[in-house]
Amino acid sequence: MVTTSRAWLSLHRWLWGLNQEQRSVVIAYLMIVAIVGLGSLIMPQFASPNYLLLQLMKASFLGAVAAGQMMVILTGNIDLSVSWTLNLAAVMVTSIAQGQNERLWLGVLAGLAVGLIVGLLNGLGVAYLRIPSLVLTLGMDAVVKGVTVLYTGAQPKGESPELLNLIVHHKVWGGLPSVVLVWTAISLFCFIVLHRSALGRKIYAVGNNEICAYLSGVKSHRVLISAFVLSGLMNAIAGILLVGYAGRSFNGMGEPYLLPSIAAVVIGGTNILGGSGLYMGTVAGAIIITLLESTLSIMQISQAGRNIIYGLVILGMLFLYGRGSQIRE
Amino acid sequence: MQPLVEARDITKRYDGVVALDQASFRCQPGSIHALVGENGAGKSTLVKILSGVVIPDAGTINVRGRPVVIDSPIVATRLGIGAVFQELSLMPDLTVAENIFITNPPRTHLGLVDRKALYRRAKQFLAELGFQDVDPDALIGELPLAQRQLVEIAKALSRDPQVLILDEGTSALTMQEVHTVFEIMERLRAQNRSVIFISHRMDEVEEIADTITIFRDGRNVASFPAGTVGREEMVQMMIGRKLEQVFPPKRALPAHEVPLLVIEDLSWGDTLRNISFRLGEGEILGLGGLEGQGQRELLLALFGVLRNVRGRIYVNGEEKQITSPAAAASAGIRLALIPEDRKTEGLILPMPVKDNITLATLHQYARFGLMMHHQERAAVDRVIEQLRIKVPSPSVTVRSLSGGNQQKVVIAKWLLTQAQIYLLYDLTRGIDVGTKHEIYQLMRALADEGAGILFFSTDLSELVGLCDRVLVLYEGRISAELSGEALSEENLVATALGMKANGREESPVRRMA
Amino acid sequence: MTTLSIADGAQWLRRFFRRNFKVGIAYVALLALLGVYAGLQPRLFTKLVITATANQGMALVLASMGQTAVVLTAGIDLSVGPIVSLSNTLASTLFPDSVPGVIGVVVLVLLVGALAGLINGLIVVYGRLQPIIVTLATASIYSGFALMLRPRPGGYVPLWYGDLLTRRVFDLIPTSLVLLAFVLIFIWAPFRRSRLGLAVYAVGSDERAAYMSGLNVNRAKVAAYVMAGFLAALAGLFLTAQTSSGDATIGAVYTLQSIGAVVLGGTSLFGGSGGVAGTIAGAFVIRIISSVLFFAGINPLSQPLFEGLVLLIAISLGAARTFTLRNRLETMR
């Protein structure tokens, strides 16, 4: 009895020692446990490794997009060009690779180039022309849509090369879809950039107080551009992976990822105004949203109910994190 | 006679610095009461407390004999106290008329705002006040500062205050306009109302005030009818015998062929006009003058923040174009700027102390872009020890530090860059005396090691005690250069007010209309 | 009576152009667009085509006017589209045949819209959360309710209702324009001209100064969101007349398009300046572009690109701030 109560005490002290950022991440992961618990009450196979791995697989795509979105949100901006950047990158893969494995690398390069260019244009507009990112990325999304529609002629042709399908679907180690490994690699990269690199420090600094960062000699314009470029690349990667998942590309495939990416970042504890948030929180956020959607569909709750619960969960978690997390000086 | 407003034993602390120390103040009805004193003497804080912007830690306030609690600007307005501050409370996208009557605009019988009546009432009101040149239909954002100050005054007056407080709300006005404001003050006095006004301009104070109160170090030092105390004595009381401000001894400047920094004809819009000077190695060059005469813009211009700056800058003999702070801090130029507002410009409050300290030198602790934790920590620990920054650990957020320690963090950030020229804006404002001394020693040490320091301060004793030379700025120009014997507090005050050194009256302080 | 001198008149004119510069550009763009349209479609000036064009833009105009109110307070409302959908699905579910019945439903739907806006405003103000994320969440909730009412498109809309709103008054003026005039005169103008409307602009211009001046900042913000919800619901009611059915996804595009219309019309995203005059032009520009492109014989596949480019360029021109500021710090937060 004494040891368990001492364990509780040290747990308690650890929880109290956490700062705002860390506490939100802990809450987010607890939420995952809660959802898995709830789901398994309804469908016992929910907690099975197979099913959970499937969820992780689904979460990978959102996870990639959310990672990029987090970078941008941390600087105090937002990226609304997610859907069509993703779409165009996907289209590039299928139309250039044309189903042939030998040309896959070319298609992937083209897709990444799309992400790079869109991100660069976004970043330049925000950093130098000082156009609010809300409207700039909105307009950029419309332009990329136009380019995509023109290029594909209403519906894209071409299938995904087998190799890509394999990369996405293949299971390693007896059950782990390899796309999850890709997400893990992306996460490792993002974690290192945000929490271990000089660029990461600058991103947080700019998001918190661009004036001070600028006056301290930080090239804040470059930081902003980097954030948008990374987001563009992440969107492109998500598009490329989705091609492997679906076996083809189609117009509109990026739509379901915009608002959930923002939600995932915010649920993960990142402040929508920028400057604070931990990467592991965004990972949790992507998982929560994916799990939520699956749980709700298992419960056979209609799309309507799902939407309502989705919105309530976002509001609920924001209130849980404390209003202080949203207000800055 | 019962005072209109009485404050007793008011105490207010900011981050361990005492702004008001059991201060008292009494204002009689029907009087024009001047509050004078140096920067940091507590006048602004007192007046902010009276107008509900700041809540005191202790003390009582009575209005017309009844104790009151003033915890918001609305309460103050209801009590009949109206204030005009330097940070204006005007909405830039609305018109003058809309701003003046914002809480109580004239309405049509439908209950909607009557635009025509609003315009007419504003025009009439402004004319009554003597501000007929202000266009009621102009947007505040379109107006020059002087007219905005007039609108702010009109707005305060439109609420029919019993006590009107002016905290330096006339800094940009012409002589004509100031006299118009004086006439308003006299009219208020005739109606048995009162005016409390804070000013640095002694000639104005002497002209209009009937009572003068001197504040120093957070206390009411003296209160007397105007004219009963001579100006020299007043200045003495303002400066006073503070705790011995011991400044490190100055050194004779080494003669150098090539000065660190040469500025020629630096101009920026109307704010900086043909500024030229030199800064040598090991020299502490002071910038004096009243605040708002271009000192801030000069430092920002040198640091690459302003666009369209004309003139030439030479660093170590070579002409340089400084287009951004990153460029200014770069290897060829090595400037450092410690800005005006440490809370919004110098520090990122929610971030840890160590992140703030290394913000300007991140790449020194990074290999291939990745932060080397040990190297960073070593540098941070070193500079914390060197500056004796009191922190439980470098990981606490900088917000939790006292003002003095916060400023040390800003200094630490720039020390790590090993700059050769330091631009300092009012470095010791709002900092406790102990830390001030430490900073003085540091400045001297940096200069002795060969750095050049350009130092703006509103604290006259610092300019006299630390600087080898002081350039006094007035309306964007260098109006005087004081050094050696001529570098005294009296001369600094005189030249800041536009008078010549040695107290001889020169051209009037203000522009003609 | 004072007589205006020519100099006074000139000064007034100059000031008018300087202040309404951006709105002017929006109308110039609209006129240019209409000019091109007329050139391509000579029958533009027939009653039929004018009515159709006005109808095409009306729902967006109304929804964008609501968005304008929120943007003026320096906020944003991402739930505009879902409220449009909610209004449409609710109406198509409840509409009876009789006139009094329809009127009753219309009133109910408008109240629901206002209520949705009220909820938005209360959460933003008293929850002290950022508008973008609050309205993102409520958007999901309201679209959920819309889906609950109409899982599949359908519902009932009396024929006379659709005809009433989409045709002409006295066979001359499109009813939609009459409706717009009605909204401007009896709904927007009283709001804009009231003390509350003034407070909305004040809060957007400088919230801190507004508070220091003694204005009720909370009330102004909540009012803006209520107005947005109300007008979005009105937009949905008009849309119902056009489509004669209910569809829970019909409002989706209105969110981002309403933001585009607001920015195109010159209202600043930072609050305090702008208004519905420019927004109306902006909304029509967005809606008419597709028709213009169609008649210009531009490859339908290129249309989205042109639409996107126009939107991007117009938005950028409206929102770019670097060119006038000489101190770089002023461009940063």
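Residues numbered from 1 in each chain as written. Chains lettered and ligands numbered in written order. Predicted model: local features only at pLDDT ≥ 70, side-chain atom pairs only at ≥ 80, totals over all residues.

> Before we move on, could you go through the overall build of chain A and cite the residues and values that matter?
Per the secondary structure count, chain A includes 14 helices and two strands. Scaling as 2.2 N^0.38, a compact globule of 329 residues should have a C-alpha radius of gyration of about 20 Å, and chain A matches this with 20 Å. Considering only C-alpha atoms, chain A reaches an extent of 70 × 55 × 35 Å along its principal axes. Within chain A, buried positions represent 58% of all 329 residues. Looking at chain A alone, contacts between residues at least 24 apart form 77% of all its contacts between residues at least 6 apart. (Helix = DSSP H or I, 4+ residues; strand = E, 2+ residues; numbered from the N terminus. Rg over C-alpha atoms; globule rule 2.2 N^0.38 Å. Buried ≥ 20, exposed ≤ 12 C-beta atoms within 10 Å, placed from the backbone. Contact = placed C-beta atoms within 7 Å.)

> Give a detailed account of the overall build of chain B, specifying residues and quantitative values.
From N to C terminus, chain B includes 17 helices and 22 strands. Taking 513 residues into account, the globule formula puts the C-alpha radius of gyration at 24 Å, and chain B, at 25 Å, falls close to it. In terms of principal-axis extent, the alpha carbons of chain B reach across some 70 × 50 × 45 Å. Scored against the burial criterion, the 513 residues of chain B give a buried share of 48%. Of all intrachain contacts in chain B linking residues separated by at least 6 positions in sequence, the fraction that spans at least 24 positions is 67%.

> Explain the domain arrangement of chain B residue by residue, including any values.
All names here are of chain B. The domain architecture assigned to chain B consists of domain 1 (5–239), domain 2 (243–247 + 256–334 + 419–513) and domain 3 (342–418). Of note, the centres of domain 2 and domain 3, computed from C-alpha atoms alone, are 26 Å apart. Taken together, the contacts link nine residues of domain 2 with nine residues of domain 3. Across the side of domain 2 that touches domain 3, the residue classes break down as five nonpolar, two polar and two charged. (Domains from an automatic or database assignment. Nonpolar A, V, L, I, M, F, W, Y, C, P; charged D, E, K, R; others polar.)

> Go over the interface of chain C and chain A with me, naming the residues and quoting the values.
Often, the extent of an interface is quoted as the loss of accessible area on bringing the components together. At the junction of the two partners, chain C supplies 42 residues and chain A supplies 47 residues. Elements with a minimum of two residues in the side of chain C that touches chain A: helix H6 (131–149), helix H12 (254–264) and helix H14 (303–319) of chain C. Of the residues forming the side of chain C that touches chain A, the biggest block, twelve residues, is contributed by H6(C). Considered class by class, the residues forming the side of chain C that touches chain A number 26 nonpolar, twelve polar and four charged.

> So, the interface of chain B and chain A: which residues are in play, and what are the values?
In this assembly, 23 residues from chain B lie in contact with 22 residues from chain A. If you list the elements that add at least two residues to the side of chain B that touches chain A, you get helix H10 (325–329), helix H11 (342–346) and strand S18 (370–371) of chain B. Here the residues of the side of chain B that touches chain A are counted per class, giving 16 nonpolar, four polar and three charged.

> Break down helix H8 (residues 175–193) of chain C for me, with residues and values.
Residue and element names in this part refer to chain C. When the terminal C-alpha atoms of H8 are compared, their 25 Å separation across 19 residues agrees well with the 27 Å that a helix rising 1.5 Å per residue should span. In H8, a bend of some 35° at Leu 184 exceeds every other bend along the element. In this structure, the buried side of H8 is in contact with helix H3 (47–72), helix H7 (159–166), strand S1 (168–169), strand S2 (173–174), helix H9 (195–205) and helix H13 (276–295). (Expected span 1.5 Å × (residues − 1). Bend = angle between axes of the 7 residues up to and from the residue.)

> Explain the confidence of the model for chain B to me, using residue names and the numbers behind them.
All names here are of chain B. Here chain B averages 87 in pLDDT, while 94% of its residues score no lower than 70. Contacts from residues 503–513, a stretch scored under 50 in pLDDT, to residues over four places away or in other chains number 22 contacts. Reported for the predicted complex are a pTM of 0.87 and an ipTM of 0.88. (pLDDT = per-residue confidence, 0-100.)

> I'd love a proper account of the pairing of strand S11 (residues 261–268) of chain B, names of residues and values included.
Successive residues of a regular strand alternate their side chains across the two faces of the sheet. Residue and element names in this part refer to chain B. Of the strand pairs in this sheet, S11 and strand S14 (residues 310–315) are connected by five bridges, and their pairing is antiparallel. If you follow Leu 261 over to S14, its bridge partner there is Val 315. Connecting S11 to the antiparallel partner strand S12 (residues 272–279) that follows it, the hairpin turn spans three residues, and Gly 269 within it adopts a positive phi of roughly 55°. (Pairing = 2+ DSSP bridges.)

> With reference to specific residues and values, describe H12(C).
One turn of an α-helix holds 3.6 residues; hence residues three or four places apart share an orientation. Residue and element names in this part refer to chain C. Among the eleven residues of H12, eleven are classified as buried, and the element is accordingly described as predominantly covered. Among the residues of H12, Tyr 254, Thr 255, Leu 256, Gln 257, Ser 258, Ile 259, Gly 260, Ala 261, Val 262, Val 263 and Leu 264 are the ones counted as buried. Downstream of H12 by a residue or two, Gly 266 has a phi angle that is positive, lying close to 95°.

> A description of the sheet that holds strand S3 (residues 32–36) of chain B should follow, citing residues and the corresponding values.
All names here are of chain B. An order of S6-S7-S8-S3-S9-S10 is seen for the six strands of this open sheet, with the pairing classed as mixed. If you trace the sheet from one side to the other, it starts and ends with strand S6 (81–84) and strand S10 (219–225), each paired once. Neighbour to neighbour, the strand axes of the sheet diverge by 15° on average, direction disregarded. Relative to strand S8 (residues 194–198), strand S7 (residues 163–167) runs parallel, the two being bridged by five bridges. Across the sheet, Ile 165 pairs through a bridge with Ile 196, a residue of S8. (Axes fitted to C-alpha atoms, helices over the stretch in contact; angles between N-to-C directions.)

> Help me get a handle on the sheet that holds strand S1 (residues 5–14) of chain B, residues and values and all.
Working definition: the strands of a sheet are paired by backbone hydrogen bonds and lie parallel or antiparallel to each other. All names here are of chain B. Taken in spatial order, the four strands of this open sheet run S2-S1-S4-S5, and their pairing is antiparallel. Only two strands of the sheet have a single partner each, and these edge strands are strand S2 (17–27) and strand S5 (66–68). Pairs of neighbouring strands in the sheet enclose a mean axial angle of 30°, with direction left out of account. Here S1 runs beside S2; their pairing, made up of seven bridges, is antiparallel. In the strand pairing of S2, Val 5 is matched with Cys 27. Relative to the sheet, helix H1 (residues 43–50) contacts S1, S2 and strand S4 (58–63), its axis offset from that of S1 by approximately 115°.

> Just give me the short version of the nonpolar core, but keep the residues and values in it.
B:Leu335, B:Leu423 and B:Ile453 are the most contacted members of the largest nonpolar core, which has 368 residues in total. When residues in this core are grouped by element, the largest group, 18 residues, is from helix H11 (residues 217–243) of chain C. Leave out the neighbours within four places in its chain, and B:Ile453 touches B:Ile284, B:Leu285, B:Tyr422, B:Leu424, B:Met443, B:Leu446 and B:Ala447. (Core = buried A, V, L, I, M, F, W, Y, C linked by C-beta atoms within 7 Å.)

> Outline the environment of B:Ala172, supporting the account with residue identities and numerical values.
All names here are of chain B. Position of Ala 172 among the secondary structure elements: in the loop between S7 and helix H6 (175–190). Along the sequence, Ala 172 and Met 351 sit 179 residues apart, while their C-alpha atoms lie 37 Å from each other. Every residue in contact with Ala 172, bar those within four places of it in the chain, is listed here: Leu 145, Ala 146 and Gln 149.

> How would you sum up the packing of helix H3 (residues 49–74) of chain A against helix H8 (residues 178–196) of chain A? Please name residues and give values.
Residues and elements named next belong to chain A. One way to put it is that H3 packs onto H8 with a least axis distance of 9 Å and a crossing angle of 30°. Comparing the axis directions of H3 and H8 gives the class roughly parallel. For the pair H3 and H8, the sense of crossing is left-handed. On the side of H3, the interface is formed by Leu 56, Met 57, Ser 60, Gly 63, Ala 64 and Ala 67, while H8 contributes Val 179, Val 180, Val 182, Trp 183, Ile 186, Ser 187 and Cys 190. Along the lines of polarity and charge, the residues of the contact of H3 with H8 split into ten nonpolar, three polar and no charged. (Parallel < 35°, antiparallel > 145°, perpendicular 65-115°, else oblique. Left-handed = near helix turned anticlockwise from the far one by under 90°.)

> Talk me through unusual backbone geometry; I want residue IDs and the actual numbers.
All names here are of chain B. Positive phi is not limited to glycine here, since Asn 274 has a value of about 50°. As for its placement among the helices and strands, Asn 274 is situated in strand S12. Using a count of 13 C-beta atoms within 10 Å as the deciding quantity, one classes Asn 274 as partly exposed. In this structure, Glu 475 takes a positive phi of about 50° despite not being glycine. Judged by C-beta crowding, with 18 C-beta atoms within 10 Å, Glu 475 ranks as partly exposed.

> Account for the packing of H9(C) against H11(C), naming residues and giving values.
Helix packing geometry: the angle between the two helix axes and the distance between the axes. All names here are of chain C. Axis separation between H9 and H11 bottoms out at 9 Å; the angle between their running directions is 100°. It follows that H9 is roughly perpendicular to H11 by the angle criterion. Together, Leu 196, Ala 199, Val 200 and Val 203 of H9 and Val 217, Ala 220, Lys 221, Ala 223 and Ala 224 of H11 make up the contact between the two elements. For the contact of H9 with H11, the class distribution of residues is eight nonpolar, no polar and one charged.

> Any chance you could break down the pairing of strand S19 (residues 421–425) of chain B for me, citing the residues and the numbers?
Residues and elements named next belong to chain B. In terms of residue burial, S19 counts as a mostly covered element, since five of its five residues are buried. Along S19, one buried face is formed by Ile 421, Leu 423 and Tyr 425 and the opposite face, lined by Tyr 422 and Leu 424, is buried too. Of the pairings in the sheet, the one linking S19 to strand S20 (residues 452–456) comprises five bridges and is parallel in character. Bridge pairing in S20 places Tyr 425 opposite Phe 456. The β-α-β motif built from S19, the intervening helix H15 (residues 433–448) and the parallel element S20 has right-handed crossover chirality. (Right-handed = clockwise from strand over helix to strand, strands pointing away.)

> Please set out the environment of B:Phe247 residue by residue, giving values where relevant.
All names here are of chain B. As for its placement among the helices and strands, Phe 247 is situated in the loop between helix H8 (231–239) and S11. Residue Phe 247 is classed as partly exposed on the basis of its 17 C-beta neighbours within 10 Å. Taking the C-alpha atoms as reference, Phe 247 lies 10.0 Å from Lys 436; in sequence the two are 189 residues apart. When sequence neighbours within four positions are dropped, the list of residues in contact with Phe 247 reads Tyr 440, Gly 465 and Leu 466.

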